[in-house]
Amino acid sequence: MTDIDARLAALGVTLPTPPNPVANYVAAVTACGLTYISGQVSSDAGGGIRGTVGVDLDPAQGRDAARLCGVNLLAQMRVAARGDLSRVRRVVKLGGFVQCGPDFSEIPAILNGCSDLLVEVLGDAGRHSRSAVGVYRLPLGFAVEVDAIVEIDGVAA
Amino acid sequence: MTDIDARLAALGVTLPTPPNPVANYVAAVTACGLTYISGQVSSDAGGGIRGTVGVDLDPAQGRDAARLCGVNLLAQMRVAARGDLSRVRRVVKLGGFVQCGPDFSEIPAILNGCSDLLVEVLGDAGRHSRSAVGVYRLPLGFAVEVDAIVEIDGVAA
Amino acid sequence: MTDIDARLAALGVTLPTPPNPVANYVAAVTACGLTYISGQVSSDAGGGIRGTVGVDLDPAQGRDAARLCGVNLLAQMRVAARGDLSRVRRVVKLGGFVQCGPDFSEIPAILNGCSDLLVEVLGDAGRHSRSAVGVYRLPLGFAVEVDAIVEIDGVAA
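Described in the following lines is the structure provided in the data block. (Residues numbered from 1 in each chain as written. Chains lettered and ligands numbered in written order. Predicted model: local features only at pLDDT ≥ 70, side-chain atom pairs only at ≥ 80, totals over all residues. Heavy atoms only, no water.)

Comments concerning the interface of chain C and chain A
Alright, step 1. In this assembly, 22 residues from chain C lie in contact with 32 residues from chain A.
Alright, step 2. In total, chain C and chain A occlude about 2200 Å² of area from one another, counting both sides; carbon and sulfur atoms represent 61% of this.
Alright, step 3. Its largest share of buried area at the contact with chain A, chain C owes to Asn24, Tyr136 and Arg137 of chain C, together 32% of the area lost on that side.
Alright, step 4. At the surface where chain C touches chain A, the tally comes to one salt bridge.
Alright, step 5. For Lys93 of chain A, the salt bridge identified is with Asp147 of chain C, shortest N-O distance 2.7 Å.
Alright, step 6. For the interface between chain C and chain A, the tally reads 13 residue pairs in polar contact (both at pLDDT 80 or more).
Alright, step 7. Looking at the side of chain C that touches chain A, the elements that each hand over two or more residues are β1 (28–31), β2 (34–41) and β5 (144–152) of chain C.
Alright, step 8. Broken down by element, the residue count for the side of chain C that touches chain A peaks at four residues, all from β2 of chain C. (Contact = heavy atoms within 4.5 Å. Buried area = accessible area lost by both parts, 1.4 Å probe. Salt bridge = Lys/Arg side-chain N within 4 Å of Asp/Glu carboxyl O. Polar contact = N/O pair within 3.5 Å; in protein donor to acceptor, adjacent residues only side chain to side chain. Helix = DSSP H or I, 4+ residues; strand = E, 2+ residues; numbered from the N terminus.)

Right, dumping it as structure tokens:
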């Protein structure tokens, strides 16, 4: 058990085995030393978190949704790193999108649900640059979507 | 005629000669081995597809709009690849934005209009990672905008 | 005084010393030769420009807001370049987000406030690829957010 596995266990986080998208896009592409992970929504085996922050979801639910995106990003990173998250040298950039209502603008606090998880699990390697915007609609009504650019050791470009 | 030219012809797709933006941004920049293509909207010589998916455009029209973005991305890739699309080693990442109404969330299906075209034309080199969000407004009311990161052989950084 | 410092002075632009975000994300990450700068909003020491373009802000105010994002991006680039903006070899990509109302679609003209500043200050090195979308809500109600990918000489990956 690696340190990262131990941290995941202590946090009570079980990473799913992510399905590959059933389309002409794929979960991740590595090029020129960086791995680009497709936008991960706030889904899980139980259905995930759908809704609009500030309308039918409160900020705590929004934050939980962003954390789910983080779980799904970690699951994709683990696949890209051939099972070993300690190969993640750095999470370089997150693109965060929150489905939110007209009167809600605490978007960074929502996305911290994802950012915090990455640092809790990966330590300093999880610290990233980020954009954070509130969008009108997300795929299938999920509350949050986050994509990522990650540097992973030992992954051929 | 290359294989790619043949596929474009079979699909009935004619790539336009894209104008450079009349501004301080440019159509594409190559750095560190990757080419970053500016967001391409659903425009064509006939005016393109404007409107809001789920309001005044139906899903099929939205999908056609995304396909137009794909045509325009291919046109920009061809310029960046100095006329030879077979130099495109990999489409690395698409950022997809759909102008959609409050009750529409089938955003991935819309963007498949772009994703599918890239794979039809480029084969496996066209398979990409992707983010997909529904936004409130797009430039000049166009229905879809997609930007891209592409790895192209033989293009100096 | 470098040429760039002289241009900043001639433009009347004073770059702030940017605070680091108080969160698990950081202002900038460099990997594989490129520096990824977190989304910069239209803030300044006086409070910045908040509001919705086409609703309570007119286009000129929106353009000013985008220019503020450009000032904040330059401030972050200067930190990343250890104080010397002449090390910026190229602004590679901007991701521009405008908080706008339902009837406003002149999004590119708004973002030119940022694009133009970068070229006024950095010359050809400031010419970039760009995406431009209108979003529903931005952090804390700021009118514009722009993130950037920049190539900077002499910055270790």
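Having put the structure on the table, let's press on.
Observations regarding the relation of the copies chain C and chain A
Alright, step 1. Take chain C, turn it by 120 degrees, move it 0.0 Å along the axis, and it overlays chain A with an RMSD of 0.0 Å. What the rotation and shift describe, once combined, is the action of a three-fold rotation axis. (Least-squares fit on C-alpha atoms with pLDDT ≥ 70 in both.)

Considering the relation of the copies chain B and chain A
Alright, step 1. Overlay of chain B on chain A (RMSD 0.0 Å): rotation 120 degrees, translation along the axis 0.0 Å.
Alright, step 2. Take the interface residues of chain B: only 16% of them recur as interface residues in chain A, which is what a contact between different surfaces looks like.

A few points about the packing of aromatic side chains
Alright, step 1. Scanning the model with the defined rule gives three aromatic pairs over all chains in all.
Alright, step 2. Connected via pairs of aromatic rings, a cluster forms that spans Tyr136 of chain A, Tyr136 of chain B together with Tyr136 of chain C.
Alright, step 3. Of note, Arg50 of chain A hangs over the ring of Phe142 of chain A, and the distance from its end group to the ring centre comes to 4.2 Å.
Alright, step 4. A cation over an aromatic ring shows up here: Arg130 of chain B above the ring of Tyr25 of chain A, its NZ or CZ 4.0 Å from the ring centre. (Phe/Tyr/Trp six-rings, centres within 6.5 Å; stacked < 30°, edge-to-face > 60°. Lys NZ or Arg CZ within 6 Å of the ring centre and 35° of its normal.)

Focus on the sheet that holds strand β5 (residues 144–152) of chain A
All names here are of chain A.
Alright, step 1. Strand order in this open sheet of five strands is β1-β2-β5-β3-β4, and the pairing throughout is mixed. Strand pairing shows two members of the sheet lacking a second neighbour, β1 (28–31) and β4 (129–135), which therefore form its edges. On average, adjacent strands in this sheet sit at an angle of 15 degrees to one another, irrespective of strand direction.
Alright, step 2. Summarising the sheet, strand β3 (residues 88–99) and β5 pair through nine bridges and their orientation is antiparallel. Bridging across to β5, Val91 finds its partner in Val150.
Alright, step 3. Against the sheet, helix α3 (residues 107–122) makes contact with β3, β4 and β5, and its axis sits at roughly 155 degrees relative to β3, the strand it touches most. (Pairing = 2+ DSSP bridges. Axes fitted to C-alpha atoms, helices over the stretch in contact; angles between N-to-C directions.)

Let's talk about helix α3 (residues 107–122) of chain C
Residues and elements named next belong to chain C.
Alright, step 1. Here α3 spans 23 Å end to end across 16 residues, near enough to the 22 Å set by a 1.5 Å rise per residue.
Alright, step 2. The buried count for α3 comes to 13 of 16 residues, which makes it a mostly enclosed element.
Alright, step 3. Within two residues after α3, Gly123 carries a phi angle of roughly 65 degrees, on the positive side. (Expected span 1.5 Å × (residues − 1). Buried < 20%, exposed > 50% of the residue type's maximum accessible area, 1.4 Å probe, protein only.)

Regarding the side chain of Gln76 of chain B
Alright, step 1. Considering the arrangement of structural elements, one finds Gln76 of chain B in helix α2 (residues 59–80).
Alright, step 2. What Gln76 of chain B contacts, discounting residues up to four positions off in sequence, is Pro18, Pro19, Ala27, Ile37 and Gln40 of chain B.

Observations regarding the pattern of salt bridges
All names here are of chain A.
Alright, step 1. Under the defined criterion, the tally for this structure stands at 18 salt bridges over all chains.
Alright, step 2. Two residues, Glu151 and Arg89, come together in a salt bridge whose shortest N-O distance is 3.2 Å. In this pair, Glu151 sits in strand β5 while Arg89 sits in strand β3, placing the two residues 62 residues apart along the sequence.
Alright, step 3. Judged by relative accessible area, which is 8%, Glu151 ranks as buried.
Alright, step 4. By relative accessible area, which is 49% here, Arg89 ends up partly exposed.
Alright, step 5. Ionic contacts of the salt-bridge type, sharing partners, join the residues Arg89, Glu151 and Asp153 into one network.

Some thoughts on unusual backbone geometry
Residues and elements named next belong to chain B.
Alright, step 1. Its identity is not glycine, yet Cys32 carries a phi of approximately 50 degrees, on the positive side.
Alright, step 2. Tracing the chain through its elements places Cys32 in the loop between β1 (28–31) and β2 (34–41).
Alright, step 3. The partly exposed category is assigned to Cys32, whose relative accessible area is 28%.
Alright, step 4. Of note, Leu140 is a non-glycine position whose phi angle comes to about 55 degrees, a positive value.
Alright, step 5. Along the chain, the position of Leu140 falls in the loop between β4 (129–135) and β5 (144–152).
Alright, step 6. When its relative accessible area of 37% is taken as the criterion, Leu140 is described as partly exposed.

Points about the interface of chain B and chain A
Alright, step 1. The partner chain A presents 22 residues to the 32 residues of chain B that form the contact.
Alright, step 2. For the pair chain B and chain A, the summed buried surface comes to about 2200 Å²; carbon and sulfur atoms form 61% of the total.
Alright, step 3. Where chain B touches chain A, the interface holds one salt bridge.
Alright, step 4. The interface formed by chain B and chain A includes 13 residue pairs in polar contact (both at pLDDT 80 or more).
Alright, step 5. Breaking the side of chain B that touches chain A down by element, the ones donating at least two residues are β2, β3 (88–99), α3 (107–122), β4 and β5 of chain B.
Alright, step 6. Ranked by residue count, the leading element in the side of chain B that touches chain A is β4 of chain B, at seven residues.
Alright, step 7. Classifying every residue of the side of chain B that touches chain A gives 16 nonpolar, nine polar and seven charged. (Nonpolar A, V, L, I, M, F, W, Y, C, P; charged D, E, K, R; others polar.)

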